[in-house]
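For reference, the chains in residue letters:
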Amino acid sequence: MASLKEQLRADLTDSMRARDEVRTATLRMALSAITKAEVAGSEAAELTDDQVRAVIRSELNRRTEAAGIYTDAGRDALAARERAEGDVLAAYLPAQLADAELALVVAEEVAAAAGNGLAGPKAMGAVIKAVRARLGEQAAGDRVAALVKEQLAKSV
């Protein structure tokens, strides 16, 4: 089974052959960011698939922020380009859990924390950690934090 980085390289070659400008530029940018992450620090190291996904998620977040900024500035063409790049990157990340399923997991972890004597804002870190351990990359951190905060506010 090919690593995610190898898959990105193969997809880059395919997009170049297909003359897909947006996909080609996005994949080049992603591979450049991965290479930059590999050589950062005191020693170069090959990134694992999870680390590559983290770099891709970071680049996706940048595209999302940039699209919002461009939209606010009335630059719709640039915003559309950023969204298109984000769509390319999102294809390499695991599917996100639905809101209802995420809320159910958060509710279970809030109840478990309450059973251990943790409640209110003091339980937030422990609950987020438990939810992240259970779900891994199936839910974005900002979604988890917002739901945990909401559920803990209800439980007080």
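What you are looking at is a predicted structure, and each value in this text was computed from that prediction instead of being measured.

Cut-offs and rules
- Residues numbered from 1 in each chain as written.
- Predicted model: local features only at pLDDT ≥ 70, side-chain atom pairs only at ≥ 80, totals over all residues.
- Heavy atoms only, no water.
- Core = buried A, V, L, I, M, F, W, Y, C linked by side-chain atoms within 4.5 Å.
- Buried < 20%, exposed > 50% of the residue type's maximum accessible area, 1.4 Å probe, protein only.
- Helix = DSSP H or I, 4+ residues; strand = E, 2+ residues; numbered from the N terminus.
- Contact = heavy atoms within 4.5 Å.
- Axes fitted to C-alpha atoms, helices over the stretch in contact; angles between N-to-C directions.
- Parallel < 35°, antiparallel > 145°, perpendicular 65-115°, else oblique.
- Left-handed = near helix turned anticlockwise from the far one by under 90°.
- Expected span 1.5 Å × (residues − 1).
- Arc of directions from axis to C-beta.

Caption draft 1: Representation of the nonpolar core in the model. Ranked by internal contacts, the top residues of the largest apolar core, which has 18 residues, are Leu8, Leu27, Ile34, Val52, Ile56, Leu89 and Tyr92. Mapped onto this core, the elements with two or more residues apiece are α1 (4-17), α2 (21-39), α3 (49-72) and α4 (76-90). Of all the elements, α2 adds the most residues to this core, at six residues. Setting aside residues up to four positions removed in sequence, Tyr92 forms contacts with Leu4, Gln7, Leu8, Asp11, Arg23, Leu27, Arg53 and Ile56. Counting residues in hydrophobic clusters, the runner-up holds 15 residues, among them Leu102, Val127, Leu135 and Val144.

Caption draft 2: Spatial organisation of the environment of Ala79. Inspection of the secondary structure puts Ala79 in helix α4. The exposure class of Ala79 is buried, given its relative accessible area of 0%. Ala79 sits 16 residues away from Arg63 along the chain, and the two C-alpha atoms are 8.8 Å apart. With residues near it in sequence (within four places) discarded, Ala79 still touches Ala67, Tyr70 and Thr71.

Caption draft 3: Representation of the packing of α1 against α2 within the structure. One way to put it is that α1 packs onto α2 with a least axis distance of 9 Å and a crossing angle of 150°. In terms of their interaxial angle, α1 and α2 are classed as roughly antiparallel. Both α1 and α2 take part in a crossing whose hand is left-handed. Within the contact between the two elements, α1 uses Lys5, Leu8, Arg9, Asp11, Leu12, Ser15 and Met16 and α2 uses Arg23, Thr24, Leu27, Arg28, Leu31, Ile34 and Glu38.

Caption draft 4: View of α4. Between its first and last C-alpha, α4 extends 21 Å over 15 residues, near the 21 Å set by a 1.5 Å rise per residue. Buried within α4 are the following residues: Ala79, Glu82, Glu85, Gly86, Val88 and Leu89. Buried residues in α4 make contact with α2 and α3.

Caption draft 5: Broad picture of the packing of α1 against α3. One way to put it is that α1 packs onto α3 with a least axis distance of 8 Å and a crossing angle of 55°. Between α1 and α3, the angle is such that the two are oblique. Every residue of α3 that contacts α1 at Leu4, Lys5 and Leu8 is listed here: Asp49, Val52, Arg53 and Ile56.

Caption draft 6: A look at α1. End to end, α1 covers 20 Å across 14 residues, agreeing with the expected 20 Å (1.5 Å per residue, within 8%). Those residues of α1 lying buried are Leu4, Lys5, Leu8, Asp11, Leu12 and Ser15. End-on, the buried residues of α1 take up no more than an arc of 120°, which puts them together on one face. Along its buried surface, α1 packs onto α2 and α3. Two residues or fewer past α1, Arg19 is found with a positive phi of approximately 55°.

Caption draft 7: Representation of unusual backbone geometry. Despite not being glycine, Arg19 has its phi angle at roughly 55°, a positive value. Here Arg19 is to be found in the loop between α1 and α2. Among the residues examined, Arg19 registers a relative accessible area of 76% and is labelled exposed.

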